[in-house]
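For reference, the chains in residue letters:
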Amino acid sequence: MIYISFSMKKIKLIITFVIFGWAFICHFMYDFIPIEFFKVFFPVNESIWEHMKLLITPVLICSLFEYIYYIRKGIKVNNFILGYTISIIIGIILYLGIYLPIHMTIGHNAIIAIGLLLVVYFVMELISYYFITRNKVNCGNYIGIILIILIYGICYYLTNHPGDSMIFYDKNIK
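Residues numbered from 1 in each chain as written. Predicted model: local features only at pLDDT ≥ 70, side-chain atom pairs only at ≥ 80, totals over all residues. Heavy atoms only, no water.

Engineer: What is the right way to look at the overall build of the protein chain in this model?
Structural biologist: Of the regular secondary structure elements, the protein chain holds 6 helices and 0 strands. Along the chain direction, N to C, the helices and strands of the protein chain fall in the order α-α-α-α-α-α. Its C-alpha radius of gyration of 17 Å places the protein chain within 12% of the 16 Å reference for a compact globule of 174 residues. Projected onto its principal axes, the C-alpha coordinates of the protein chain cover approximately 55 × 30 × 30 Å. When contacts within the protein chain are restricted to residue pairs at least 6 apart in sequence, those whose partners lie at least 24 apart make up 79%. (Helix = DSSP H or I, 4+ residues; strand = E, 2+ residues; numbered from the N terminus. Rg over C-alpha atoms; globule rule 2.2 N^0.38 Å. Contact = heavy atoms within 4.5 Å.)

Engineer: Help me understand unusual backbone geometry in this model?
Structural biologist: Negative phi is the rule for most residues except glycine; trans is the rule for most peptide bonds. A positive phi angle, close to 55°, is found at Asn79, a residue other than glycine. With respect to the helices and strands, the residue Asn79 is situated in the loop between α3 (57-73) and α4 (80-106). Positive phi, normally seen in glycine, also occurs at Cys139, with a value near 65°. Inspection of the secondary structure assignment puts Cys139 in the loop between α5 (110-132) and α6 (140-160).

Engineer: Sorry, what's going on with α6 here?
Structural biologist: Residues that lie three or four places apart on an α-helix share one face, since the helix turns once every 3.6 residues. Given a rise of 1.5 Å per residue, 21 residues ought to cover 30 Å, and the 30 Å separating the end C-alpha atoms of α6 matches this to within 8%. What α6 keeps buried is the set Gly140, Gly144, Ile148, Ile151, Tyr152, Cys155, Leu158 and Thr159. In an axial view of α6, the angular spread of the buried residues amounts to 130°, which keeps them on one side of the axis. For α6, the exposed residues lying more than 90 degrees away from the buried face are Tyr142, Ile146, Ile149 and Leu150. The secondary structure elements touched by the buried residues of α6 are α2 (48-51), α3 and α4. (Expected span 1.5 Å × (residues − 1). Buried < 20%, exposed > 50% of the residue type's maximum accessible area, 1.4 Å probe, protein only. Arc of directions from axis to C-beta.)

Engineer: Please explain the pattern of salt bridges as it appears in this structure.
Structural biologist: Pairing is possible between side chains of opposite charge, provided their charged atoms come close. As enumerated under the stated definition, the model contains 4 salt bridges in all. Across the pair Lys12 and Glu66 runs a salt bridge, and its minimum N-O distance is 2.8 Å. Note that Lys12 is positioned in helix α1 (residues 8-32) and Glu66 in helix α3, a separation of 54 residues in sequence. Salt bridges sharing partners connect three or more residues here, namely Lys12, Glu66 and Glu125. (Salt bridge = Lys/Arg side-chain N within 4 Å of Asp/Glu carboxyl O.)

Engineer: How should the side chain of Glu66 be read in this particular structure?
Structural biologist: Look at Glu66 and you get buried, because its relative accessible area is 2%. Here the side chain of Glu66 touches Lys12 through a polar contact of 2.8 Å, side chain to side chain. Among all residues touching Glu66, those that are not within four sequence positions of it are Ile11, Lys12, Ile15, Phe80, Tyr84 and Glu125. (Polar contact = N/O pair within 3.5 Å; in protein donor to acceptor, adjacent residues only side chain to side chain.)

Engineer: Would you mind going over the nonpolar core with me for this structure?
Structural biologist: Side chains that are nonpolar tend, in soluble globular proteins, to be buried together. Counting residues in each nonpolar core, the largest one holds 45 residues, and the members touching the most others are Met52, Leu55, Ile56, Ile88, Tyr95 and Tyr121. Only α1, α2, α3, α4, α5 and α6 provide two or more residues apiece to this core. Ranked by residues supplied to this core, first place goes to α1 with 9 residues. Aside from chain neighbours lying at most four places away, what touches Ile88 is Leu55, Ile56, Val59, Leu60, Met124 and Ile151. (Core = buried A, V, L, I, M, F, W, Y, C linked by side-chain atoms within 4.5 Å.)

Engineer: How should the environment of Lys76 be read in this particular structure?
Structural biologist: Turning to its location among the elements, Lys76 is positioned in the loop between α3 and α4. Overall, Lys76 belongs to the exposed group, its relative accessible area being 67%. A sequence separation of 51 residues divides Lys76 from Ile127, and the C-alpha atoms of the two residues are 17 Å apart.

Structure below.
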């Protein structure tokens, strides 16, 4: 069997589009399988906040396969979990920071929302690339795991106890 060697930058570019594809699957996952446990991972309504889960779950799913690929190819990566966790946090802040002013000015626009999602995925992959190619951070992956648990804890809490902010408002409910 012939293996084609890709540079890590090319892998990151490919992963960006794979994550984007997974996001469409994850967007409808709770509709297909409405299990209480899935609420933490997948959007349960059309609010802006629930869509932030699309910056978490598809990224983590694809990162798992990416990590397996690196192991099988013998590619050394540092701070893998920490890098992805930091990229998720920055991705959420970046998306909300750009999308909310647009949303408040012109309202919801699916093309802008989806296009911005792809751009943010690209930025997130750049951030994770930066982390995995740098010197190892002591306890970095443990910190990343703790942050992932915290992020999903926040998702669970805000899904079950949404605030009064417009980012928690489901535009499909009248």
